[in-house]
Amino acid sequence: MNVTRGFTGRPRVPRPGLPPGQYDSGDDWPVLSAEVTPDLAPADWTFRIDGLVAEPRSWDWDEAHTLPASVYEGAIHCVTSWSKFGVRFGGVSLDAFLDVVRPDASATHAVAYAHSGYTTNLPLADLTGGRAWIAWEYDGEPLPAEHGGPARLLVPHLYFWKSAKWIAGLTLLDHDEPGFWEQNGYHARGNPWEEQRYSGD
Amino acid sequence: MTETATTGGFTPPTRFAVPGRIAVSDRAAAVWQTATLTEIRRETPSVATFRFAVPGWAGHLPGQHLMLRLTAGDGYTAQRHYSLASPPDDAGHIELTLDHVEGGEVSGWFHTEARPGDEVAVRGPLSGFFAWPGDRPALLVGAGSGVVPLMSMIRHHRARGLDVPLRLLVSARGPEELIYAAEYGAETTAVFTRRAPDGVPVGRLSAEHVAPLLAERPPGGWEAYVCGSNAFAEHASRLLVEAGQPVHRIRIERFG
Ligand SMILES: Cc1cc2nc3c(=O)[nH]c(=O)nc-3n(C[C@H](O)[C@H](O)[C@H](O)COP(=O)(O)OP(=O)(O)OC[C@H]3O[C@@H](n4cnc5c(N)ncnc54)[C@H](O)[C@@H]3O)c2cc1C
């Protein structure tokens, strides 16, 4: 694309860890969700894994909290082009949940679904190996409702629409099935480093 | 819906899951096109409308947005989302309405540098979720520049002479900050939060504004579209829910 006349951009220091087309939002944490923020108390929250697993099961708030605590510290990247550095989420690694249900060898993908009805799809490989969490704390405090509290999925190496707020469950599948935004033109995987924003990217 | 197929009968308690209205064209969403600025119109002291010629524009539906990219001499790019202000029947042209955000990188360039003849890159239209093709009664609630996608809906309604019910509640700090002030008709109620003309009350959007519109309830009920800052979207969507609008028939576009 041609240079935009008169546009220099804001003075910038190179920011390691900033994917292409993204900017550092600093202290800002914009909220982007298409639905009404649900009124969901921790006591009413449950998380279920089913589909292609040996033992489908659900956890309530207290049961989920008996799993080993795990923290993510790093950056998050939103497809609307902001990235946020130095975030700290507390929760449980998704591996700890998956160890319990034991995914079938045939499981390749997952659909994450939220208590709001929102859905998003992910390759199973993006949810394992210490790269995904169920997060209920932000900066040592309970995760605010507008950011997905009481608990959200956290997959920080993908664009943030994959990190379903108000997470209710995962269904493991042997094929990929587009979720809410993916049916609305967004990319099936959403890797920020490859700028997989929209289908066709 | 795929939801039922994949979630083993899980019923979301808040019944969101309204699917996107419109399938988005993969091709249009993926391709960057050159948009040439043809005209700038001032709307308020801090807001202006930018009209572009985009010869290959595939068309859009009221409510959709696009992604816009500016490129600096050293290759640095800045991309932002902007709602389409113009109605679909504006062949080869689109209009965006930008608030001049203090210290804003992209809106700053538009408000201080841009002039007719300048070229920027756009891709879209994006998201079939917030789109309204004019088929169902629509209750629109916006604040500040959040009225932009809603104006596209009103213009579409007018241009096509549609008779499906349409109402707009628009909030602004004062009359001089009300975007598109001259264009509103009987479908619109303006709410002023800081300063109002004589005889008009000052105060934020409240249950009193929402109740009469919900009481009107057209056949089939309203499809509600809420747009603005996150704080406004939270406030307005709560008012709608408290007034009886079903949660799963509220679509929200948050400008961050
Ligand atoms: C779907 C969607 C539709 C939208 N539609 C519209 C629309 O129709 N009209 C509209 O006006 N807006 C719209 N927006 C908002 C728009 O995308 C931009 O966020 C807005 O124009 C601000 O961008 P900017 O580059 O001017 O500001 P930015 O540069 O992003 O700055 C935003 C704020 O952060 C501060 N800031 C951030 N980083 C720095 C830094 N390094 N140094 C100093 N200050 C900093 C700035 O001072 C400013 O206050 C929409 C957003 C979405 C998500």
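Note that the structure is predicted; figures quoted are calculated from it, not measured. (Residues numbered from 1 in each chain as written. Chains lettered and ligands numbered in written order. Predicted model: local features only at pLDDT ≥ 70, side-chain atom pairs only at ≥ 80, totals over all residues. Heavy atoms only, no water.)

(A) Spatial organisation of the overall build of chain A. Within chain A, the secondary structure is distributed over two helices and eleven strands. Overall, chain A shows an N-to-C arrangement of helices and strands of β-β-β-α-β-β-α-β-β-β-β-β-β. A compact globule built from 201 residues should have a C-alpha radius of gyration of about 17 Å, and chain A, at 17 Å, falls within 12% of that. Seen through its principal axes, chain A has C-alpha atoms that stretch 60 × 35 × 30 Å. Burial analysis of chain A (201 residues in total) assigns 59% to the buried set. Considering only contacts within chain A whose residues lie at least 6 apart along the sequence, 68% involve residues at least 24 apart. (Helix = DSSP H or I, 4+ residues; strand = E, 2+ residues; numbered from the N terminus. Rg over C-alpha atoms; globule rule 2.2 N^0.38 Å. Buried < 20%, exposed > 50% of the residue type's maximum accessible area, 1.4 Å probe, protein only. Contact = heavy atoms within 4.5 Å.)

(B) Expanded view of the interface of chain A and chain B. Taken together, the contacts link 52 residues of chain A with 61 residues of chain B. Here chain A packs against chain B, burying approximately 4600 Å² in sum over the two surfaces, 54% of which is carbon and sulfur. Across the chain A-chain B interface, the total number found is three salt bridges. Of the charged contacts in the structure, one is a salt bridge between Arg5 of chain A and Glu113 of chain B, with a shortest N-O distance of 3.3 Å. The interface formed by chain A and chain B holds 16 residue pairs in polar contact (both at pLDDT 80 or more) in total. Those elements that place two or more of their residues in the side of chain A that touches chain B are β6 (109-114) and β11 (167-173) of chain A. Here the residues of the side of chain A that touches chain B sort into 22 nonpolar, 20 polar and ten charged. (Buried area = accessible area lost by both parts, 1.4 Å probe. Salt bridge = Lys/Arg side-chain N within 4 Å of Asp/Glu carboxyl O. Polar contact = N/O pair within 3.5 Å; in protein donor to acceptor, adjacent residues only side chain to side chain. Nonpolar A, V, L, I, M, F, W, Y, C, P; charged D, E, K, R; others polar.)

(C) Local environment of the layout of surface pockets. Approximately 360 Å³ is the volume attributed to the second largest pocket. Around the second largest pocket, the lining comprises 16 residues; the ones closest to its centre are Arg12, Val13, Leu18 and Gln22 of chain A together with Tyr76 of chain B. The class makeup of the residues in the lining of the second largest pocket is eight nonpolar, three polar and five charged. (1 Å grid on protein atoms, 1.4 Å probe; cavity = no way out; pocket = protein on both sides within 12 Å on 5 of 7 lines; lining within 4 Å. Points joined across faces, edges and corners; volume = space filled by probe spheres on them.)

(D) Structural context of the pairing of strand β4 (residues 69-77) of chain A. Residue and element names in this part refer to chain A. Looking at chain direction, β4 and strand β5 (residues 82-93) are connected through eight bridges and run antiparallel. By the bridge assignment for β5, Tyr72 is matched with Phe89. The hairpin formed by β4 and β5 contains four residues between the paired strands, and Ser81 there has a positive phi angle of roughly 95°. (Pairing = 2+ DSSP bridges.)

(E) Seen up close, unusual backbone geometry. Note the cis peptide between Gly149 of chain A and Pro150 of chain A, where omega equals 10°. In this fold, Pro150 of chain A is placed in the loop between β9 (141-142) and β10 (152-154). Note the cis peptide between Gly124 of chain B and Pro125 of chain B, where omega equals 5°. Relative to the assigned elements, Pro125 of chain B resides in strand β6 (residues 119-126). Even without being glycine, Ser81 of chain A reaches a positive phi, approximately 95°.

(F) Region of the structure containing the site of the ligand. If you check the shell around the ligand, you find 22 residues, and the closest are Arg10 of chain A together with His81, Tyr82, Val106 and Ser107 of chain B. One chain alone does not account for the residues near the ligand; they come from chains A and B. Residue Val106 of chain B places a main-chain N or O atom 2.8 Å away from an oxygen atom belonging to the ligand. Residue assignment for the shell around the ligand shows that the elements contributing at least two residues are β4 (77-83), β5 (93-99), α3 (105-112) and β11 (250-254) of chain B. Looking at the shell around the ligand, the element that brings in the most residues is β4 of chain B, giving four residues. The residue makeup of the shell around the ligand, split by class, is seven nonpolar, eight polar and seven charged. (Near = heavy atom within 4 Å.)

(G) Focus on the pattern of salt bridges. All names here are of chain B. What the rule picks out here adds up to 29 salt bridges over all chains. Arg195 is the salt-bridge partner of Glu177, the closest N and O atoms lying 3.2 Å from each other. Placement of Glu177 in the loop between β8 (166-172) and β9 (188-192) and of Arg195 in the loop between β9 and α5 (207-215) is noted, with a sequence separation of 18 residues between them. In this structure Arg195 comes out as partly exposed when scored by relative accessible area, which is 38%. One network of salt bridges, with partners in common, ties together Glu39, Arg41, Arg51, Asp90 and Glu95.

(H) Broad picture of the side chain of Glu95 of chain B. All names here are of chain B. Note on placement: Glu95 falls in strand β5. Residue classification places Glu95 among the buried positions, given a relative accessible area of 6%. A distance of 3.0 Å separates a polar atom in the side chain of Glu95 from a polar atom in the side chain of Arg41. Those residues within four positions of Glu95 in sequence are excluded, and the remaining contacts are Arg41, Thr49, Phe50, Arg51, Ser83, Leu84, Ala85, Ser86 and Arg155.

Treat this as a map of the structure, not an account of what it does.
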